[in-house]
Structures are given as structure tokens and as C-alpha cells.
Amino acid sequence: MASAVDARPVALQARLVPFHRQVQRHLLAMVKDAALAEELAQDTYARALTRIDQLRDPQAALAWLYRIATTVALDRLRQRRPAAIPLDEKNAEAEQAANQSPPALVEGSIERSEMSDCVDGYLAALPDDYRIAILLHDAHGLANAEIAELVGCSLATAKIRVHRARERLRETLSTACNFEIDDRGVLVCEPRPAEPANA
């Protein structure tokens, strides 16, 4: 019995290994530095292995790794960036509000740490630029200007990526999932059953 329990984390660890290249590419898109991306990939895997018991669904391993990698990269980028102290707090708040897009259908689930595995899977399927933009904006609360600075694009490009990522995710989820609020008050989705083929 004990050996079966001990074997589960080892089996989960083995499932993470094939995703190393995708995780590194995800990080490279964020930090634009190959050596740093590899270092952060190692940090991501080290953090993932210490939390392997939190991976409830092995099928969602890649999305779970993407979330950890995004957090690891943000932590590093914030260390390198000097803290900005606004001279006018009211103007700073207004600017931040202007950079935020209106709430989207999926934000309620993305903002919570326990996104449904269904949403995770569709997030993982987004193109790198879109996935990074929506995670930074909706999951980590960064303004569009901060995203532009972190990933090295223009403010307009950051806004477009967030908008298009939401549109793709909303379109996919609306056709593939049924939404409901669970007993914790969290928006979750369940895949719709496949429609039977016409006879």
C-alpha cells in the first residue's frame, strides 16, 4: 500500500519531463533571453517538484507548469525592475484603470488560483503571445503597460494580445463547455459531451 502511494509522485514527475521544451519556450517569450529562460525553466521544475502533490489531474500537467513558470518569471522580472513610486497617486490610479480592459466572462475563473482543469487546458492551447498576455493581465493583475514592458512590445500590441486571447478563449469555452458556479462560488466549466454523429 505504502509503495503504491510513494510511486504516484514519481510517476507524476516523469509526466513533467516531456514538457521541458514547451515551458522553456513559454519563458523565452516572456524574458527574451535564452540563458535566463533556461535558468527559469530549471527553477520552474524545482518548484513544481516540491508541489507535485498539488497536481490533481495529470492531464493538466502542461497548463499547471505554465502557471508556475509564469509566476517564476514574474518574480524574477520584478526583482530586476526598480519599484516605481507615482508622484500623483490619483493620476496613477486613473492611468491603471485606463489600461485595464472591461471584465470578461472568463476573468472570474482566471483570477482564482484554482481554475478548472478545463479552462487550464484551453489556456495551454493558446499561442504563446496570447497565453502570456492573458495570464499576466487576468491572473496576475498586471496593467497593459506593465505587460508591454515585461515582454518587450508596444502598449497597443499588449492590448491587442489580451483582447484577442480573451476572444479566442471565450469563443472556445462557449462552444466546448457548460458553465456553472460551484459550491465555493467559483466559475467552473465542464466539457460538453460530444454530439452523436448523424446516422
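Here the residue index of a chain counts from 1 through its sequence in written order. Note on the predicted model: pLDDT of at least 70 is required for a residue's local features to be given, and 80 or more for side-chain atom pairs to be given and counted; whole-chain, interface and lining totals, by contrast, use all residues. To get the side-chain values, all heavy atoms of the structure are used, and hydrogens and water are removed first.

Enquirer: Tell me about the pattern of salt bridges, residues and numbers included.
Expert: Between Lys or Arg on one side and Asp or Glu on the other, a salt bridge is scored when a side-chain nitrogen of the former is within 4 Å of a carboxyl oxygen of the latter. In total, this model carries 8 salt bridges according to the counting rule given. Between Arg 166 and Asp 138 there is a salt bridge; the shortest N-O distance is 2.7 Å. Taken together, the residues span a long stretch of sequence, with Arg 166 in helix 10 (residues 155-176) and Asp 138 in helix 8 (residues 128-139) at a distance of 28 residues. The two residues Arg 166 and Asp 138 agree in class, both being buried. Here Glu 167 and Arg 170 are joined by a salt bridge, their closest N and O atoms 2.7 Å apart. Taken together, the residues Glu 167 and Arg 170, both in helix 10 and 3 residues apart, mark about one turn of the helix. A simple rule labels every residue: compare its accessible area, found with a 1.4 Å probe on the protein chains alone, to the largest value its type can have, and call it buried under 20%, exposed over 50%, or partly exposed in between. Residue classification places Glu 167 among the partly exposed residues on the basis of a relative accessible area of 38%. A single network of salt bridges, built from pairs that share partners, joins Arg 25, Asp 128 and Arg 131. Secondary structure elements follow DSSP: runs of H or I of four or more residues count as helices, runs of E of two or more count as strands, with numbering from the N terminus.

Enquirer: For the nonpolar core, give the residues involved together with the corresponding values.
Expert: To form a nonpolar core, buried Ala, Val, Leu, Ile, Met, Phe, Trp, Tyr and Cys residues must be joined to one another through side-chain atoms within 4.5 Å. Core analysis: the biggest nonpolar cluster contains 35 residues, and Leu 16, Leu 27, Val 31, Trp 64 and Leu 136 have the highest contact counts within it. Of all the secondary-structure elements, those providing two or more residues to this core are helix 1 (2-16), helix 2 (20-31), helix 3 (34-50), helix 4 (61-80), helix 8, helix 9 (144-151) and helix 10. Looking at this core element by element, the count peaks at 9 residues for helix 4. Ignoring anything within four residues of it in the chain, the contact list for Leu 136 reads Met 30, Thr 70, Leu 74, Gly 141, Leu 142, Ile 147 and Val 151. In terms of nonpolar packing, the next biggest core, distinct from the first, is built from 11 residues, Val 119, Leu 123, Ile 134 and Leu 169 among them. Whether two residues are in contact is decided by their heavy atoms: any pair within 4.5 Å suffices.

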